[in-house]
Amino acid sequence: MVRAIPLIARDSLYRALAEVVGEDDITTDPVQLYSYSFDASAHHFIPDVVVRPESTDEVSRIVKLANEFGVPVVPRGAATSLAGQATPILGGIALDMVKMNRIKEVNLEDRYVVVEPGVVYDDLNAVLEPKGFVFPPAPASSRVCTLGGAVATNASGARAVKYGAVRDFVLGLEVVLPSGEVARFGGKCIKDSSGYQMARLFVGSEGTLGVITEITLRIIPKPKYAVTCAAAFASLEDAGRAVAAIMASGITPAALDLMDRYTLAAVRKAVAPELPEADALLIMEADGEPEIAKREIEEMARIAREHGAISLECSDDPKERERLWKA
């Protein structure tokens, strides 16, 4: 482990940070530091101090202090990353954004929302669903991942094939730059074709360009109907050929997700023992107008059978669809 700062300097930094966020939102307790030393990856690096800001102003002051003390800052959402982005490889400040979790505005007429980075992905959709709208990229960790992390990593999931990744929905950002200055990029307009697209540059930057403190996202009407199919294959190659054939057929699936036999075995053991024993499992989904979605899923099922699917299970029942997606 590499220490970013000596103990004496760390004590001075602690006192300065405590003046910004208060004693309750800062810690150097070894047990808590350890819990902030890893994400969902195999990487493991312990920070010097954990800070939980509640506002953009606090983030700005924290970053300015980091500059003054010459220590790194690692922003952190729910730490669901599989690649180590949330781990503080040089120690320093772990900036936990969990307390910046407000949904600040929902504008259905102009189809956007304004949120803070600590808002959990599914919590946003729980607010939007009764209003008939949705934020659709759907990363696999949507139950726990935060929108700040989703923007910072340009997260996407199985629905990217039709709806795109998070970058395709970011309209504007408020960001604390490495200097501690606060900047705003983009705006609230769906059409914005002038000037540099700076907000899009920050999407996927993984904290290297600044700390995201506010996000304006485009939202869309929730599809009227959805149907899901799970197709099992005796070989991964057959499943891959089925995917290629579906994409070449002119259909735009609402979702496609593929698991190989190793993943299937792990998932069966952990959460879904009812999944078939196969070399690959392809989850397919169609949504939109009921008649069109039904035709599309029937065509995808036909293509799957043509390419060697050994079993098919389809449903438009929300509970059954949730069960099929559970894995």
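First, a word on scope: everything that follows refers to the structure included in this document. Just so we're clear, the structure is a prediction, and the values are computed from it rather than from any experiment.

## Thoughts on the pairing of strand β10 (residues 211-218)
Step number 1: In terms of residue burial, β10 counts as a mostly covered element, since seven of its eight residues are buried.
Step number 2: Where strand β6 (residues 112-115) and β10 come together, four bridges link them in antiparallel fashion. Within β10, the residue paired with Y112 across the bridge is R218.
Step number 3: As judged from the six bridges shared by strand β8 (residues 170-176) and β10, these two strands associate in the antiparallel manner. Within β10, the residue paired with E174 across the bridge is E214.

## Re unusual backbone geometry
Trans is the common state for peptide bonds, and a negative phi is the common state for residues other than glycine.
Step number 1: In the Ramachandran plot, A138 falls in the positive-phi region, its phi being about 55° despite a non-glycine side chain.
Step number 2: Among the secondary structure elements, A138 is positioned in the loop between β7 (133-134) and α5 (147-152).
Step number 3: Overall, the relative accessible area of 17% leaves A138 in the buried class.
Step number 4: The residue E206 is not glycine, and still its phi comes out positive at about 55°.
Step number 5: Position of E206 relative to the elements: it lies in the loop between α7 (198-202) and β10.

## Here's the deal with the sheet that holds strand β5 (residues 103-107)
Hydrogen bonds between backbone groups are what pair the strands of a sheet, and the pairing can be parallel or antiparallel.
Step number 1: Ordered in space as β5-β6-β10-β8-β9, the five strands form an open sheet in which the pairing is antiparallel. Two strands lie at the open edges of the sheet, namely β5 and β9 (182-186), each paired on one side alone. Within the sheet, the average angular offset between the axes of one strand and its neighbour, ignoring direction, is 10°.
Step number 2: Here four bridges tie β5 to β6, and the two strands are oriented antiparallel to one another. Counted as the bridge partner of E105 is V114 from β6.

## What about the packing of aromatic side chains?
Step number 1: Scanning the model with the defined rule gives four aromatic pairs in all.
Step number 2: A centroid spacing of 5.6 Å and a plane angle of 70° characterise the contact between Y34 and F38, whose relative ring orientation is edge-to-face.
Step number 3: Ring geometry for F135 versus F169: centroids 5.7 Å apart, planes at 90°, classification edge-to-face. On the criterion of sequence distance, the pair formed by F135 in the loop between β7 and α5 and F169 in the loop between α6 (160-163) and β8 is long-range, its members being 34 residues apart.
Step number 4: One aromatic cluster in this structure is built from Y121, F135 and F169.
Step number 5: Over the ring of W325 we find R159; its NZ or CZ atom is 5.5 Å from the centre of that ring.

## A look at the sheet that holds strand β12 (residues 225-233)
Step number 1: Strands sit in the order β13-β14-β12-β15 across an open sheet of four strands; the sheet is antiparallel. Among the strands making up the open sheet, the edge pair consists of β13 (255-260) and β15 (309-315). The average undirected angle you get between the axes of adjacent strands in this sheet is 15°.
Step number 2: Two elements, β13 and strand β14 (residues 280-288), share six bridges in a ladder whose sense is antiparallel. Its bridge partner lying in β14, D260 is registered against A280.
Step number 3: In the packing of helix α10 (residues 290-306) onto the sheet, contacts are made with β12, β14 and β15, and the angle to β14 comes to roughly 160°.

## Considerations on the side chain of S60
Step number 1: Secondary-structure assignment places S60 in helix α3 (residues 56-69).
Step number 2: Setting aside residues up to four positions removed in sequence, S60 forms contacts with V176, G180 and V182.

## Quick word on a nonpolar patch on the surface
Step number 1: A cluster of nonpolar side chains, Y196, M198, L201 and L209, forms an exposed patch at the surface whose accessible area comes to about 430 Å².
Step number 2: Residue placement: L201 occurs in helix α7.

## Details of the environment of K104
Step number 1: As for its placement among the helices and strands, K104 is situated in strand β5.
Step number 2: Since its relative accessible area comes to 40%, K104 is described here as partly exposed.
Step number 3: Separated by 10 residues in sequence, K104 and V114 place their C-alpha atoms 5.4 Å apart.
Step number 4: Excluding its chain neighbours within four sequence positions, the residues that come into contact with K104 are V114, V115, E116 and E214.
Step number 5: There is a polar contact of 2.6 Å between the side chain of K104 and the side chain of E214.

Analysis parameters
Residues numbered from 1 in each chain as written. Predicted model: local features only at pLDDT ≥ 70, side-chain atom pairs only at ≥ 80, totals over all residues. Heavy atoms only, no water. Buried < 20%, exposed > 50% of the residue type's maximum accessible area, 1.4 Å probe, protein only. Helix = DSSP H or I, 4+ residues; strand = E, 2+ residues; numbered from the N terminus. Pairing = 2+ DSSP bridges. Axes fitted to C-alpha atoms, helices over the stretch in contact; angles between N-to-C directions. Phe/Tyr/Trp six-rings, centres within 6.5 Å; stacked < 30°, edge-to-face > 60°. Lys NZ or Arg CZ within 6 Å of the ring centre and 35° of its normal. Contact = heavy atoms within 4.5 Å. Patch = residues over 30% accessible without salt bridge, like charges linked within 9 Å, V, L, I, M, F, W, Y side chains within 5 Å. Areas by Shrake-Rupley, 256 points an atom, 1.4 Å probe, with all protein chains shown as cover. Salt bridge = Lys/Arg side-chain N within 4 Å of Asp/Glu carboxyl O. Polar contact = N/O pair within 3.5 Å; in protein donor to acceptor, adjacent residues only side chain to side chain.

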